[in-house]
Structure formats: C-alpha cells, structure tokens
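Structural description and commentary
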Amino acid sequence: MENKIKIAIQTKGRLNEDSMNLINEAGIGLSIGKRVLVSTAKNFPMDALFLRDDDIPQTVADGVADIGVVGENEMAEKDENVVIAKRLGFSKCRLSLAIPKSMDYPGVEFFEGKKIATSYPVILKKFLEENNIKAEIHVISGSVEIAPGIGLADAIFDIVSSGSTLVSNRLKEVEVVMKSEAVLIANPNLSPEKQEILDELIFRIESVQRAEGKKYILLNVPNEKINEIVSLLPGMKAPTLVPLAKEGWSSMHSVIEEDDFWEVIGRLKKAGAEGILVIPIEKMIF
Ligand SMILES: Nc1ncnc2c1ncn2[C@@H]1O[C@H](COP(=O)(O)OP(=O)(O)OP(=O)(O)O)[C@@H](O)[C@H]1O
Ligand SMILES: O=P(O)(O)OC[C@H]1O[C@H](OP(=O)(O)OP(=O)(O)O)[C@H](O)[C@@H]1O
Ligand SMILES: [Mg+2]
C-alpha cells in the first residue's frame, strides 16, 4: 500500500484557484502545468489528479482518488458513497428554482405540469417528489438561465450566488432548495496510513481557516490604562504585555477580528493607545 494520498481537484473553473490556494497555504508545494493532469507534491505525501468537477465524487467513491474538493451541490447530485471530511467555506452558492419575473408565484404548486431546465436533475427530482409535484425535467449542461427566454422551459433550477445572472435573464428566485459551499470529500474506507495523512491535511487547513479574518495587533499603552485597554481586546487568551524602555508604558500584543477592526482601533486610541501596528496572520495553531 502506497503511503501517499491522492486528491482530486477541478482542472479549471470556479473551484480550481481556491483549491490550489488552500493546498499551498497548508504549506504543500503543488503546481499545475497547462496540460499536466497529474502532479506530485514536493514536500507532502500527496499526488493531485486534475478532473472536471462532475467526475470528482465518483473518482473518490471508487478509490481512484482518496479525497477531493467539490461543491456540495455536485456531491449531492452525484449521490456517491463519499463523506465530507471538511467544509471549506469558499464557493458559497445555493441551488434555486427561478421563474420569469413577470409571472405570479403562488407557491411550489406553480411547478405542477411545468417544464424545468437544469443541470441538477437528481436534486430537483428529489425536491419535486418531496413536494408531490409532477413536472418535466429538461437537462441542459450550461447556460440554464436562458432556457425560459428562448422557449425551452417554463422555469429553471440552477446555481445562484449574487443573483445577477437571474436579473439579466429577467428571472426571479422563488425557492431555495439547497445551500452549498466547497467541501473536502473523502472515500469512507481509507487505510489508516491515508487517514493519518488526511488528518494532517485537515489540521493544516484548520490552522489556515482559523487565521482568516483575524489580525495581529501591537500597541503601546500607558500602564495606568492597561486594564481599560485589555477589556477592549478579547484576544486569544489574555493579551501579551511587555514593559517598554519608556517609563510607565507597556507594549501589548493581541489578536482582533478584521470585521471589528476600525471600531476597536477607534476605541483603543480614545483610551490612550499609541503606535498601533496591525499585521496579517498566516496560521493559528492552538
Ligand atoms: N456564481 C457562483 N458563486 C459561487 N460558487 C459557484 C458559482 N457558480 C458555481 N459555483 C460553485 O463552483 C462549482 C464549480 O463551478 P463551475 O462553474 O466551475 O463548474 P463547471 O462548469 O461544472 O466546471 P467543470 O468544467 O469542471 O465541469 C459549482 O458546482 C458550485 O459549487
Ligand atoms: O448569481 P450569480 O452571481 O450571477 O451566479 C450564478 C451563475 O454562476 C454560475 O455560472 P458561471 O458564471 O460559472 O458561468 P457558466 O456556468 O456559464 O460557466 C452559475 O451557473 C450561474 O449561472
Ligand atoms: Mg461540471
């Protein structure tokens, strides 16, 4: 048994760049050449196979790859025997039913007897059955949103993110059937050796994810203001304090959420903090 893990990654398309970034941020040197469809990591026991996302769930279920990065929507559509090893938080979107903007929508019964265009027939069929709706499913592999406009269907079932593709095609979203994000899927029967490599990969991914949206902050504070300023900085545990050469002053280090950044900085300045430095964090390991 080879002590290496095989990961399936989308060759090109929306998942490719974020998948490659994730692997590189986990400290794994993986490169993709123009026509290279298999690549070996430099410093981690991993080979990558580059595939169309449609083929990734089956490749992982069959054990040709051990793990893979795919949208939850694609995983649900293919319904293969794979497990989610880690939710990845990128490529967030939803699968929704949409109808022409000009039409009234009374509820799901709208779809009774209608023709719906989609690239996700399995998920749609399940939804229609659960709602006791009989409709015709017309499978097309792309540009689904143009179907009603050209008379190919009455409605569509497709990926929505910002909603701008729907707007440009004079459609409105009427039912959200599933929410999706990129997930790391795994074959459920990995050998203990491969499981160990996967655990290490997940540990690294979690360290990168934890650091996302966080900043390291350094600031000089007058000693008599330490308690007040500490209360403004939730930090990892307690902020680190180092005495400064300047009498009566200390240097304080902590971690803040990027979202709270400007608000916290304003309050720190008001409380007497000076020389504030804010630095990106690459990884956080507890
Ligand atoms: N507009 C979007 N916003 C966010 N995520 C999206 C969006 N469109 C697609 N996704 C997610 O990215 C995945 C891949 O999308 P992409 O458009 O690259 O697929 P594809 O055209 O089927 O690619 P392939 O050529 O590999 O079959 C989708 O399955 C979905 O999970
Ligand atoms: O709600 P929005 O932000 O407009 O995103 C939704 C669109 O994004 C995806 O298409 P993509 O842009 O990847 O084009 P393609 O499927 O035609 O390749 C998806 O198939 C939708 O058409
Ligand atoms: Mg595809």
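Calculation criteria
Residues numbered from 1 in each chain as written. Chains lettered and ligands numbered in written order. Predicted model: local features only at pLDDT ≥ 70, side-chain atom pairs only at ≥ 80, totals over all residues. Heavy atoms only, no water. Helix = DSSP H or I, 4+ residues; strand = E, 2+ residues; numbered from the N terminus. Rg over C-alpha atoms; globule rule 2.2 N^0.38 Å. Buried < 20%, exposed > 50% of the residue type's maximum accessible area, 1.4 Å probe, protein only. Contact = heavy atoms within 4.5 Å. Areas by Shrake-Rupley, 256 points an atom, 1.4 Å probe, with all protein chains shown as cover. Lys, Arg positive; Asp, Glu negative; His and termini not counted. Charge placed at Lys NZ, Arg CZ, Asp CG, Glu CD. Core = buried A, V, L, I, M, F, W, Y, C linked by side-chain atoms within 4.5 Å. Domains from an automatic or database assignment. Pairing = 2+ DSSP bridges. pLDDT = per-residue confidence, 0-100.

**Remarks on the overall build of the protein**
Scanning the protein from N- to C-terminus turns up eight helices and 15 strands. Compactness check: the protein gives a C-alpha radius of gyration of 25 Å against a globular reference of 19 Å for 286 residues, more than 25% above the reference. Taking the principal axes of the C-alpha coordinates as reference, the protein spans close to 80 × 55 × 35 Å. By the burial criterion, 44% of the 286 residues in the protein qualify as buried. Pairs at least 24 apart in sequence give 67% of the contacts found in the protein among residues at least 6 apart. As displayed, the protein offers around 15500 Å² of accessible surface, 50% of which is attributable to carbon and sulfur atoms. Measuring between centres, the 34 positive side-chain charges of the protein sit 4 Å from its 43 negative side-chain charges.

**Looking at the nonpolar core**
Ile 7, Leu 184, Leu 198 and Leu 201 are the most contacted members of the largest nonpolar core, which totals 28 residues. Of all the secondary structure elements, the ones that give two or more residues to this core are β1 (5-10), α1 (16-25), β3 (46-51), β4 (67-71), β11 (182-186) and α6 (192-211). Of all the elements, α6 adds the most residues to this core, at five residues. Of all hydrophobic cores here, the second largest spans 17 residues; its members include Ile 99, Leu 124, Leu 128 and Ile 133.

**Details of the domain arrangement of the protein**
Examined at the domain level, the protein breaks down into domain 1 (5-91 + 181-210), domain 2 (93-179) and domain 3 (213-280). Each of domain 1 and domain 3 has a C-alpha centre, and these two points are 39 Å apart.

**Quick notes on the pairing of strand β13 (residues 240-243)**
Strand direction decides the pairing type here: β13 and strand β14 (residues 249-257), joined by four bridges, are antiparallel. Paired with Thr 240 across the strands is His 253, a residue of β14.

**Overview of the confidence of the model for the protein**
On average, residues of the protein score 94 in pLDDT, and 97% of them reach the 70 mark or higher. Listed scores for the predicted complex are pTM 0.89 and ipTM 0.95.

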